[in-house]
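Coordinate analysis (summary)
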Amino acid sequence: MTNNDPRPPVAPGEPAPDFTLPAVDGKEPVSLADYRGKSPVFLGLLIGLWCPFCRRQIAKMGTNEARLKALGVETVGVVATEPENAQLYFKFRPTRLRLGADPELTTHRLYGLPKPAVTDEFMKQFEATRVNPFGEFPEPLPLPKTPEASAKLDGYKETDTDQGEMMRQFPQLKGHFLIDRDGIVRWANIECSREGITGIGKFPSEEEILAAVRALPGR
Amino acid sequence: MITCPGCDTEAAPGFAFCPRCGRRLPSPCDACGFPREPDFAFCPRCGAARSPNTPVRPAQPQKPADPSHEADRRPVTVLFADLSGFTTLSERLDPEDVRSFQNALFETLSAAIARYDGFVEKFVGDAVLAVFGAPVAHEDDPARACAAALEMLERGATLSRQWAARLGQPVTLHVGIHTGPVVAGSLGGASGAGAAYAVTGDTVNTTARLLASAAPGTILVSEATCALAQHRFAFESAGQVTLRGKAEPIAVRRLVGVLAEPGSARGLAGLGLAAPFVGRKDELDQLLAAFERMECGQAQVVSLVGEAGTGKSRLIAEFLARLDADGRLARIALRRAACASLGEPTYGVFGSLFRGAYQVEPKDSLEVARQKLVSGLRALGARDDEAAMIAPVLSYVLGVEEAMHPDVEPEQLRRQIALAARALIERRLDKEPLLILVEDLHWADTASVDLLRQVVDQLASRPLLVLLSHRPETRPPLVTRAAQSVIRLTPLSRDQTRELVAGLFAAPVGGRLEQLQDFVATRAGGNPFFVEEVVRSLVDKGVLSRQGDRWTCAEASEALDVPATLQGLMLSRVDRLPADARRLLQESAVLGPVFEEALLRTVATTPAAFDKALDPLVESDLIQAAGQLHERGRYRFTHALVHEVVYQNLLLARRTELHERVGRALERAAGPHPERLSDLEALGHHWSLSADRPRGARYLVAAGDWARGVYANDDAIRHYQRALQTLAGSAGGEADARAARERLADLLGLTGRRTEALTHYETLREQLAADHAAAARMLRKIGALHWDAGDRDRAAVCFTDGLRHLGDGGDPIERAHLFQEMGRLAFRAGDNAAAIGWAERALAEATQENDAATEPERLREAAIMRIQAYNTLGVALARTGRLTEAVEQIERSIGLAEERELLQAACRGYTNLGVLYSSLDPRRSIETCLRGLETAKKVGDLGFQSRLYANLAVAYCALTDRCEAEGVEAAQAAIDLDRRLGLLDHLAVPLIVLGQIHQCNGEHTQAFAMYQEALGLAEQVGEPQLLFPCYDGLATLYLDTGNRRLAETYLAKAQGVCERAGVEPDSLMVLPFLY
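Throughout what follows, the structure given in this document is the object of discussion. (Residues numbered from 1 in each chain as written. Chains lettered and ligands numbered in written order. Predicted model: local features only at pLDDT ≥ 70, side-chain atom pairs only at ≥ 80, totals over all residues.)

1. Thoughts on the overall build of chain B
Each helix and strand counted, chain B has 41 helices and 22 strands in total. Counting over 1075 residues, chain B shows a buried share of 50%. Look at the contacts in chain B between residues 6 or more apart in sequence, and 64% of them connect residues 24 or more apart. (Helix = DSSP H or I, 4+ residues; strand = E, 2+ residues; numbered from the N terminus. Buried ≥ 20, exposed ≤ 12 C-beta atoms within 10 Å, placed from the backbone. Contact = placed C-beta atoms within 7 Å.)

2. Some details on the overall build of chain A
Counting secondary structure elements, chain A contains six helices and nine strands. In chain A, of all internal contacts separated by at least 6 residues, the share reaching a separation of at least 24 is 68%.

3. Considering helix α10 (residues 384-397) of chain B
Residues and elements named next belong to chain B. For α10, spanning 14 residues, the distance from its first C-alpha to its last is 20 Å, which sits close to the expected 20 Å at 1.5 Å a residue. In α10, a bend of some 25° at Ile390 exceeds every other bend along the element, and Pro392, a proline, comes one to four places later. For α10, every residue scored as buried is listed here: Ile390, Ala391, Val393, Leu394, Tyr396 and Val397. The inward-facing, buried residues of α10 abut α8 (348-358), α9 (366-379) and α11 (410-431). (Expected span 1.5 Å × (residues − 1). Bend = angle between axes of the 7 residues up to and from the residue.)

4. Examining the sheet that holds strand β15 (residues 434-439) of chain B
Whenever strands of a sheet pair, they do so through backbone hydrogen bonds, lying parallel or antiparallel. Residues and elements named next belong to chain B. Across the sheet, five strands lie side by side as β14-β15-β16-β13-β17; this open sheet has parallel pairing. Pairing within the sheet leaves two strands with one partner each, and these edge strands are β14 (333-338) and β17 (483-488). Mean inter-strand twist for the sheet, computed between neighbouring axes without regard to direction, equals 15°. By the bridge criterion, six bridges tie strand β13 (residues 300-305) to strand β16 (residues 464-470) in an arrangement that is parallel. From the neighbouring strand, Gln300 faces β16, where its bridge partner is Leu465. Sheet contacts for α8: β14 and β15; angle to β14, the most-contacted strand, approximately 135°. (Pairing = 2+ DSSP bridges. Axes fitted to C-alpha atoms, helices over the stretch in contact; angles between N-to-C directions.)

5. Section: the sheet that holds strand β20 (residues 594-596) of chain B
All names here are of chain B. Taken in spatial order, the three strands make up an open sheet running β20-β22-β21, and their pairing is antiparallel. Every other strand in the sheet has two partners, leaving β20 and β21 (623-625) as the edge strands with one partner each. Taken over all neighbouring pairs, the strand axes of this sheet differ in orientation by 30° on average, direction set aside. Direction of pairing for β21 relative to strand β22 (residues 634-637): antiparallel, over a ladder of three bridges. The partner of Gln624 across the bridge, within β22, is Arg636.

6. With respect to the environment of Arg655 of chain B
All names here are of chain B. When you line up the elements, Arg655 lands in helix α21 (residues 652-670). Considered as a pair, Arg655 and Ala589 are 66 residues apart in the sequence and their alpha carbons are 9.6 Å apart. Discounting residues that sit within four places of it in the chain, Arg655 has contacts with Val590, Leu650 and Leu689.

7. Digging into the nonpolar core
All names here are of chain B. Ranked by internal contacts, the top residues of the largest apolar core, which has 247 residues, are Tyr949, Leu952, Ala953, Ala971, Ala1014 and Cys1030. A per-element tally of this core places helix α35 (residues 942-959) first, with 12 residues. Those residues in contact with Ala1014, other than ones at most four positions away along the chain, are Ala988, Leu991, Ile992, Gly995 and Cys1030. Membership of the second largest hydrophobic core comes to 56 residues, among which are Leu424, Ile425, Ile436 and Val466. (Core = buried A, V, L, I, M, F, W, Y, C linked by C-beta atoms within 7 Å.)

8. As for unusual backbone geometry
Residue and element names in this part refer to chain B. With an omega of 0°, the peptide bond running from Ala134 to Pro135 counts as cis. Here Pro135 is to be found in the loop between β7 (127-132) and α3 (141-167). Non-glycine residue Asp117 carries a positive phi angle of around 65°. Phi at Asp440 takes a positive value of approximately 60°, unusual for a residue other than glycine. Tracing the chain through its elements places Asp440 in the loop between β15 and α12 (446-458). A residue is classified by how many C-beta atoms lie within 10 Å of it, and Asp440, with 21 of them, is buried.

Structure representation (structure tokens):
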């Protein structure tokens, strides 16, 4: 896999690329153009439901949705999961979010979200992560390989498609954008882009989002 | 009869020590009968030399023992001997004959005992009981006893031959020898008439039983003695013997003779360890410089001075090895003599020097020996008349001939010997330079030392190097014309000692080298011999063990005994002290390894003699000033081992009395309310060893409280445990013991030692059944421990029981505690409404108490309860979606905890607040977790450390890009802690977190395994906030693999959990783990 789309991320001041995706609630497709001239949009581009922290983020966006709406901002999310899978999941977790399904990550590419090249070096570093930050252990431990795992695999079987989805997306970064009613990006938050400065960077905090909303010109 | 110069007791001839006071007795001159002081080589009246058969004692005079020798405890070697078949003999013979035979036997046996400086404790009928090591210890008492026993058999055989005709049968001795602890001292009134110095203890009984098992003509020796004498004597196994009155049979050995080539009592070669040569470079250079000056034709006398074990022999060996390597050793003649601790006969040193020079063997016949001498003298170029003069003198010195011609006057003999010695050495020097090496000069006979001095001075301009090694108590022999130098071997520095320990082990010592180095260095105090013996005792005790080439070291314990090989050596130094000084040393030992002069002065038995008594202790290097140079007032025992030996030397009764005396002095100094930890510890230590043990326990508990107050949990546990031990079985201390036990259990629970804590609480519950409030408190604490172990049902039963014990009008604090626990239980079971109810009841009770109470302890307790209740309220509110109120409650909880400095109670607040902030303010979320973690570490609460690690992992993964590094590590840290502590109640949490990380990274198989294990635990606990993420995780895993059927099943289960608990799935997603 290589970084075959060198487009830089969409920056504040630039027009937000339009997209239309199947909705996970099975109703009308989700299209950015629907909001043009009506209301600003808070857009979250996430990855698959296989990431528990993304699932958590979706839940959080759900709880935030009402507060943003009160400020006149609509919330739209994109998950990189097959529409049928997403529909099953959200049948049990009804959400007020408008969610589009985009397993091919076309939206992410459209918005120029980086996907670091997976080089041998990257993988080596990833796999060799040894842990001992707090000095609890006599020596750093590798990520545990659980020996009893195979014995407990009743009913669980990895498939090629599953691995495929994961591998296609890995290591896709996530991003959040605030788009004004004219379709211009006014604020962007790209995962990892601030690493080394604050350390906090995977998802924007509620306060950050609200501050960005309040700063929208002509809201 | 001989009159004891110490107490005027009349002692029978042949006694080496006074039977009453233990002082060494003078012995009559062989020529004129004048009672000669034991150390005199010549009779002061007639000048006759002491016969070679009765050795001169070590050159250093033994200071007389105190006439009213106080009883003490000490290790000794006991020797029991008697005749086989004496009873039938006395039945058959006339009592007068029996009596005169008894006298002869007594004289024979006493002579053998006296020769080796033993003490005849008792002589009954045909049996003798002798003690080696009391009243005065030697470093080799077991060996002395063995030597005496062999000599007794030999002399006994001669006696039997002499008496065979009159007795009508041969008589045979048998002997038993054993080494062990005894109490030694005057029995029958301290110094009154009839008082006799005696030893008491099971060691004596065991020896008597060994004697009973010894066949006629044999010497049975216990393993204990054998282990300490086998470097010099030959033993053979005599199997196992069941001794009367002893449960277990013991292994015994038969002493069969002296080893032809005695080994060294020292060194660790037997263990395959070789000590490196550490330090001593300057000293070696000084020796080499003296050698060079000698080669230039100036006679040198060099004394190597150092305590036993400081490395004198090793330095000499290195010196010789260096000369050999340079080829210089081959160009000179080397004569060496090693003085034996058993004493050297007159001119013994010269005897062994010349014996070596002419290869005269002890077994040579008179004729052969003479032949060797004459040819040796010729080879040296002696003229015939010279040889004729020297040969008879030499024969005498070498013990080849029994005595000189009786016509030779003693003074004339002395002159002849001097002349002969000088002539021999001079002849040798004509041929080549000469190095005379005399080791352990402190044991040499005075005649030899005088002669050596004389000869060196006469040969001052010849290439002669006399190298002497001796201990500090012997002064270097002064010469006037030859060059003299003294090299003092000081103890190794701590670093050098550590280097020595490291050097012993060629292979690394299973990770604990540092600890081993510290342990050995502390005990051995820079003495290489002590280092080796401490290492040896660690091997014997199994602390150090060897597998192939690798040594491993278990935890070294301070409680190890002093190595038996060192006890006699160190005690002998103590026994040499004057009585006042010895007593003061014992009093110092009660104070501890380091002590204040002022305190010692207040507890000293004879304050008037204090200064006079202190100086010898410093001079003899037993104690030294501690702290800064020139700063008087603080001393320490030079070696920790010396301190232990002196302390163990004290009678238990005397220790008890002295500890009380110290306790009182400390109380006077510290005032009625001591506050310093060091004061409390010292008071606790001394009183707990006095007769008033409850008082000691109270101080120990106070010390424990102090330590607990600064979260020094291990120290606090130690103090409480010691308080409990001190109170065990002492009447009147029950209430104190209960208080100590409860505090101990609290800390044990806190530090993860749950089983021990439970045992203590259960004991207390039985003891406190009548006290409702106390019983309820125990139930609450027991319940909390069960909960930690994942057993909520049992926990709930305990809490409900506790509330029932209390009733409605019970202690508000205790009721608040139990309401609070019930609330926490309800929250964790997913019943948030009930949790809020319980927390409000707890809060009401605690607030009421807070307003009513005045005692600080009650106020503190009330504050803790409020802190806890705010917390429970907070988490229950958070779960029901009232996030802002929740944060408010928990911030209030932390605020109160910080205000009252109740750090442990604050941990829970930090744990929960970290989770709540993760939505509101991610940066503060991580900060709060880290702050909580720091607090939990400071407090030593491992349970909250684990919870905080888990929450920290969630925060890293959910909020930052540092999931792989910090997130995984924190989760793993929590898993490790939970597994180690058996916190099954919590283990599911970090497993879930790690599962989520794996899932996020696409490591599906591992994620699956984590969720499965967590689910097993969560289902036992039945807690919604644990069940939900397991189901959710498994559902999404199945979703990803396209198994929609199972995905749906698990999604339904997750939904079921939420419905039953009445919580929103989103709440469990966003605020995962609250406590």
